[in-house]
Amino acid sequence: MKSPCITFLFFLLANLCSAQNNNTDFLECLTSQFQASDSTQNVIYTPQNSSYSSIFQALARNLRLISTSKERPLAIITPNNESEIQATIHCAKKYDILIRVRSGGHDYEGLSYISQTPFVIVDMGNLRSISIDTDDNTAWIQTGAILGELYYTIAKTSTTLAFTAGVCPTVGVGGHFSGGGYSMISRKHGLAVDNIIDAIVINANGEILDRNSMGDDLFWAIRGGGGTSFGIVVAFKVKLVTVPETVIVFNVARTLEQNATQLVHKWQYISDKIDENLSIRVFLKSVISRSSNRTIQASFTALFIGGGVGDLLQLMEENFPELGLVERDCIEMSWIESTLFFAGFPNGSPINILLKRPGDSYNNFKGKSDYVREPIPEHGLEGIWKYLNEEDENRPELQFSPYGGKLSTISESETPFPHRSGNIFMIHYDVVWSTDAQRHLNWIRSLYSYMTPFVSKSPRTAYLNYRDLDIGSNNNEGNTNYIQASVWGFKCFKNNFNRLVRVKTKVDPSNFFRNEQSIPVDVSYYIRKNSGILNKESFIV
Ligand code: FDA
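Per an unreviewed UniProt entry, the chain carries the name FAD-binding PCMH-type domain-containing protein and comes from Penstemon smallii. On record in UniProt, under Sequence similarities (unreviewed entry), the comment for the chain is "Belongs to the oxygen-dependent FAD-linked oxidoreductase family." Quoted verbatim from the Cofactor (unreviewed entry) heading of the UniProt record, the comment on the chain is "FAD".

Right, dumping it as structure tokens:
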């Protein structure tokens, strides 16, 4: 008789072999599918390819996640067309391999390039065409494009058209647009998702759908609910917005010795109420002052699209005279130049710098988010300063991004992105490091805990695009249930979470597209449906 240990060993080996067979079959499936369409060249990268490692390294931006991940992708697919995506979905479904879709790769938790179970990366980088129609001021943008490419292409077409999306030019359209998309002109023009008017999505059955064929529910879900729960978004069509030929920017920095605490405190009372043409963001850091002491620096970084310098100065004098903005602080430029300014490029940089795709900036990084509905008292701010001073200077940063304006006029249920009226500003926390990960992770989690009394409650809301698995996650394979996923789901989507679950249950009932923060299927719906207890359309949620 075999001992239990040996039986267990056989069991393990059998499982291992069957998993390996499955992976091999999957790769064979891919190869034969792609050979049939004559497109294996430069589309499939497996560990057998000499360039596999360098391609994977280039895709994986957050070093924190690479060091803890046990799996590497079975293959990296870089499709050139929709049929190559369909082929990948076909094989992945057949052999139960997870798909990670990557556009710009900025996911804070690496959900576009990391998985704890066997997976394939679909990297959308080759699908990045942008076509602009100046007759109706719209643009079709493939999701492998980065924001910089979009801004550049718009600027080459018109000096008064723009789009409302994030400040970092290397952020990808696929993840950014499907999760929200906050910009320096969001107070005037809303988020990226508020301006999406059509999309091309490939669903779990490999069907290519546009707005008409996908129906209202799916079209609603991919505008803020995270595209990756529902399919692979190939392209978005957006309404472009208009901006003046000349806009004004400023960046005024004040330290504690220059009343930074009182200024940040006052900013909270005006930032969401001031003219929607003006957006003043605050960046907070611990720095070494000129007298070599540690201090807090609050940088008030703003964009004005509502007139000339005189108008801006008057607006500031009426609403925020304490900042002491003067004419020489105000810089006139075009909207496209302002995108370079906010991205931190040196003055006079050529605009084609926006075309530089992500690839050479990697660090260990953790980010989190919060929404503030009541101004934080001065003593609360002083507590934040203590935290910032505990870390190495320049390592952590807090961003306070103003809401109000158009963001408040759109109802919470218009799109899955629910953070609308009543929010004064959004907080983005981040810390980067080179060694001693646990110390920095403990630090940011402790700061987040300190912030509890000052931020939104029941639920404590969070921005999906500032991905944070600390607020709740599905299990490693992404399989989950409504109860487990609602821990994080209500924080990101409030009551829209229930509609997202209904859409998911309809469009991807086998939960093929899944990750640690994907929308769950309402399994009980099927149990009740099959048992005949409830009619076809009843969902638990
Ligand atoms: P990535 O490719 O990692 O995708 C993110 C998620 O979307 C993943 O789950 C992925 O699977 C999914 N996905 C990607 N492409 C898809 C597709 N075609 N179909 C379906 N699912 C897809 N946000 C903001 O609102 N305003 C801002 O100003 C900034 N600024 C900023 C700066 C920097 C330096 C970073 C790192 C991040 C930001 N962000 C931001 C946050 C940003 O919006 C968020 O990280 C986006 O999800 C990034 O999208 P990517 O396509 O780059 O990421």
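## Things to note about the packing of aromatic side chains
With the rule as written, the count across this model stands at 22 aromatic pairs. Judged by centre distance (4.8 Å) and plane angle (70°), the ring pair of Phe-512 and Phe-513 falls under edge-to-face. For the pair formed by Phe-512 and Phe-513, the shared burial category is buried. Counting every residue linked through ring pairs, the aromatic cluster contains Tyr-108, Phe-365, Phe-417, Tyr-463 and Tyr-466. Seen from the ring of Tyr-448, Arg-460 lies directly overhead, with NZ or CZ sitting 3.5 Å from the centre. Its end group placed over the ring of Trp-220, Arg-499 keeps NZ or CZ at 4.1 Å from the ring centre.

## Overview of the site of the ligand
Around the ligand, the structure places 29 residues, and the nearest of them are Val-101, Ser-103, Ser-112, His-176 and Tyr-463. Between Asp-107 and the ligand, the recorded distance is 2.9 Å, taken from a backbone N or O atom to an oxygen atom. Gly-175 places a polar main-chain atom, nitrogen or oxygen, 3.0 Å from an oxygen atom of the ligand. Protein chains bury 91% of the 970 Å² of accessible surface belonging to the ligand in isolation. Where the shell around the ligand is concerned, the elements lending two or more residues are strand 3 (98-102), helix 6 (173-179) and strand 10 (232-239). Sorting elements by how many residues they give to the shell around the ligand places helix 6 first, with 3 residues.

## Remarks on the state of the cysteines
Taken as a whole and assessed by the stated rule, the structure comprises 1 disulfide. Between the sulfur of Cys-29 and that of Cys-91 lies a disulfide, 2.1 Å long from S to S. Residues Cys-29 and Cys-91 are joined by a disulfide whose S-S torsion is about -80°; by sign, that bridge is left-handed. With Cys-29 in helix 1 (residues 4-36) and Cys-91 in helix 4 (residues 82-94), the pair connects residues that are 62 residues apart, well separated along the chain. For the pair Cys-29 and Cys-91, one class covers both residues: buried.

## Description of the pairing of strand 13 (residues 278-288)
Two faces, one strand: in a regular strand the side chains alternate between the faces of the sheet. Most of strand 13 is tucked away, with 9 of its 11 residues classed as buried. With 11 bridges connecting them, strand 13 and strand 14 (residues 294-304) associate as antiparallel partners. Paired with Leu-284 across the strands is Ala-298, a residue of strand 14. Counted between consecutive antiparallel strands, the loop separating strand 13 from strand 14 contains 5 residues, among which Ser-292 sits at a positive phi close to 65°.

## Remarks on the nonpolar core
Within the largest apolar cluster, 121 residues are counted, with the highest numbers of intra-cluster contacts made by Phe-177, Phe-300, Phe-400 and Ile-427. Per element, the largest residue contribution to this core is 7 residues, and it comes from strand 18 (residues 425-433). In contact with Ile-427, other than residues within four places in its own chain, are Lys-368, Ser-369, Asp-370, Val-372, Ile-376, Leu-398, Gln-399, Phe-400, Met-451 and Val-455. Ranked by size, the runner-up nonpolar core spans 30 residues in total, among them Cys-29, Val-122, Ala-204 and Ala-235.

## Some remarks on the UniProt feature "domain: FAD-binding PCMH-type" (unreviewed entry) in the chain
UniProt marks residues 69-243 with the feature "domain: FAD-binding PCMH-type" (unreviewed entry), using the numbering shown here. Measuring from the first to the last C-alpha atom of residues 69-243 gives 44 Å, for a span that is 26% helix and 25% strand.

## Remarks on helix 11 (residues 335-342)
The element helix 11 is extensively covered by neighbouring structure, given that 6 of its 8 residues are classed as buried. Those residues of helix 11 that fall on the buried side of the exposure criterion are Trp-335, Ile-336, Ser-338, Thr-339, Leu-340 and Phe-342. Taken together, the buried residues of helix 11 touch helix 5 (147-157), strand 7 (161-162), strand 12 (247-255), strand 14 and strand 15 (331-333). Positive backbone phi, at 85°, marks Gly-344, one or two positions downstream of helix 11.

## A short note on unusual backbone geometry
Residue Pro-459 is reached from Ser-458 by a cis peptide bond, and omega for that bond is 0°. Topologically, Pro-459 is positioned in the loop between helix 14 (437-450) and helix 15 (482-493). We note that Asp-96 has phi near 50°; this positive angle belongs to a residue other than glycine. The residue Asp-96 is located in the loop between helix 4 and strand 3 in this model. Overall, Asp-96 belongs to the exposed group, its relative accessible area being 54%. The backbone of Asn-137 shows a phi angle near 55°, a positive value even though the residue is not glycine. Tracing the backbone through its elements, the reader meets Asn-137 in the loop between strand 5 (130-133) and strand 6 (138-142). Judged by relative accessible area, which is 23%, Asn-137 ranks as partly exposed.

Procedures and definitions
Residues numbered from 1 in each chain as written. Predicted model: local features only at pLDDT ≥ 70, side-chain atom pairs only at ≥ 80, totals over all residues. Heavy atoms only, no water. UniProt positions renumbered as here; feature names shortened; annotations may be inferred. Phe/Tyr/Trp six-rings, centres within 6.5 Å; stacked < 30°, edge-to-face > 60°. Buried < 20%, exposed > 50% of the residue type's maximum accessible area, 1.4 Å probe, protein only. Lys NZ or Arg CZ within 6 Å of the ring centre and 35° of its normal. Near = heavy atom within 4 Å. Polar contact = N/O pair within 3.5 Å; in protein donor to acceptor, adjacent residues only side chain to side chain. Areas by Shrake-Rupley, 256 points an atom, 1.4 Å probe, with all protein chains shown as cover. Helix = DSSP H or I, 4+ residues; strand = E, 2+ residues; numbered from the N terminus. Disulfide = S-S within 2.5 Å. Pairing = 2+ DSSP bridges. Core = buried A, V, L, I, M, F, W, Y, C linked by side-chain atoms within 4.5 Å. Contact = heavy atoms within 4.5 Å.

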